[in-house]
Amino acid sequence: MSLNDKDKKWCQRMATIHDFFTEVINKSTMLRCHIVKDHHESLYAVSPIVDFIDNRIDTILLLVENLRFWDAEMPYRSALEATAKLAKIILSENENSQESLITEFWEDLYEINLLKRAKKARAYMQLPITDELKAQFYNLQLPDAEFEKLKEKWPKQKQRALENTWSFNAIISKISSLNILPSRVSNILETISYNYKMSSHLIHGDETGIMIIRERELSPLNESRDVDAAHMFRLLSDSFFISATISLFTAIFVRNIEISDKIESLIKDVLCKMEKYRGIQNFSERV
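Let me sum up the structure you'll find in this document. (Residues numbered from 1 in each chain as written. Predicted model: local features only at pLDDT ≥ 70, side-chain atom pairs only at ≥ 80, totals over all residues. Heavy atoms only, no water.)

1. Remarks on helix α12 (residues 257-278)
To keep it simple, the criterion reads: The secondary structure listing takes helices from DSSP runs of H or I that are at least 4 residues long and strands from runs of E that are at least 2 residues long, numbered from the N terminus. For a helix, the expected span equals 1.5 Å multiplied by the residue count minus one. What we call the bend at a residue is the angle made by axes fitted to the seven residues finishing there and the seven residues starting there. Using a 1.4 Å probe on the protein chains alone, a residue whose accessible area is under 20% of its type maximum counts as buried, one over 50% counts as exposed, and one in between counts as partly exposed. Between N or O atoms, a polar contact is any pair within 3.5 Å; within protein, one atom must be a potential hydrogen donor and the other a potential acceptor, and residues adjacent in sequence are included only when both atoms are from side chains.
Taking 1.5 Å per residue as the helical rise, α12 with its 22 residues ought to reach 32 Å, and the 31 Å between its terminal C-alpha atoms agrees with that figure. At Cys272, α12 shows its maximal bend, which comes to roughly 25°. Of all the positions in α12, only Ile259, Ser260, Ile263, Leu266, Ile267, Val270, Met274 and Tyr277 are classed as buried. Where α12 begins, the side chain of Asn256 points an oxygen toward the backbone nitrogen of Glu258, at a separation of 3.3 Å.

2. A short note on a positive patch on the surface
Put simply, the test is: Each patch is assembled from residues with relative accessible area greater than 30% and no salt bridge, linking like charges that lie within 9 Å and nonpolar side chains (Val, Leu, Ile, Met, Phe, Trp, Tyr) that lie within 5 Å. Every accessible area reported is derived by Shrake-Rupley at a probe size of 1.4 Å, with residue values counting cover from the shown protein chains alone. We define a salt bridge as a contact between a side-chain nitrogen of Lys or Arg and a carboxyl oxygen of Asp or Glu at a distance within 4 Å. His is not counted here, nor are the chain ends, while Lys and Arg score as positive and Asp and Glu score as negative. We put the charge of a Lys on NZ, of an Arg on CZ, of an Asp on CG and of a Glu on CD.
On the surface, Lys119, Lys151, Lys156 and Arg160 cluster together into a positively charged patch. The residue Lys151 is located in helix α6 (residues 144-153) in this model.

3. Structural notes on the nonpolar core
Note the following rule: Joining through side-chain atoms within 4.5 Å is the link that ties buried Ala, Val, Leu, Ile, Met, Phe, Trp, Tyr and Cys residues into a set, and such a set is a nonpolar core. What makes two residues a contact is simply this: any of their non-hydrogen atoms within 4.5 Å.
Formed by 73 residues in total, the largest nonpolar core has its most connected members in Phe21, Ile53, Leu86 and Phe240. Of the residues forming this core, the biggest block, 14 residues, is contributed by helix α11 (residues 221-253). Beyond its immediate chain neighbours, meaning those up to four positions away, Ile53 contacts Ala79, Ala82, Thr83, Leu86, Ile242 and Ile246.

4. Section: the environment of Ile192
Here Ile192 shows up in helix α9 (residues 183-204). Each C-alpha atom of the pair Ile192 and Arg77 lies 9.9 Å from the other, and the pair is 115 residues apart in sequence. With residues near it in sequence (within four places) discarded, Ile192 still touches Tyr76, Leu80, Asp238, Phe241 and Ile242.

Take it as geometry only, folks, not as evidence of what the structure does.
What follows is the structure, encoded as structure tokens:
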């Protein structure tokens, strides 16, 4: 069997895995659509976060389908960040704390970022830059009265304190300590949090991130194919679990026990079927 035939067979097997996860992600999305249709108004504050995550998952699927695994790490990390923030809101203790967190996310953090941009814009306007750049930074500035008001409201220590509570690691640690999610969902979140840390190396372009890619490029074909397959499987399976998790969170938010049970059943079914699809990954032994 020629190398080209091996490549073709490997691609066919990867397409089979891609099709499976695309199908189960669509099932998760359809379950969530039933909730959104009936609770559109009550979900208004979290729907933009859910839509953002859905769009990132779509991008991951597209990139993985075209074997752009490293490029898929960026929307993957973005989806994880947003999922953690959604979890912080939905898994809060009561409706009052949910409302408070929604205000923090959409208003307080917005004001902090607005202030940060305005400060940078003012600093850049003092530099010897082109008129075109000055025009861009000019639009990011705030009127003096508004700027001073936000500075007084958000001193740096207060900014950092709030931002730290919304960091990915702080949120995952808090969720783990609450012990309110089904065990299989909690275990999935713990695994995904490890993958989040690994993706950080790629996003920041540090030594580890650069060498991970380079080592795979320089490895023998059979070995790189096996690792590529595992990489693809991880991105797709995590994308499904992110989709299922936000569907579960949405069901929890509106207290829809029936849909919540269906999502948990879907997760259980996918976990069982994943072993079958893991078995067709290996390039060197099975092609």
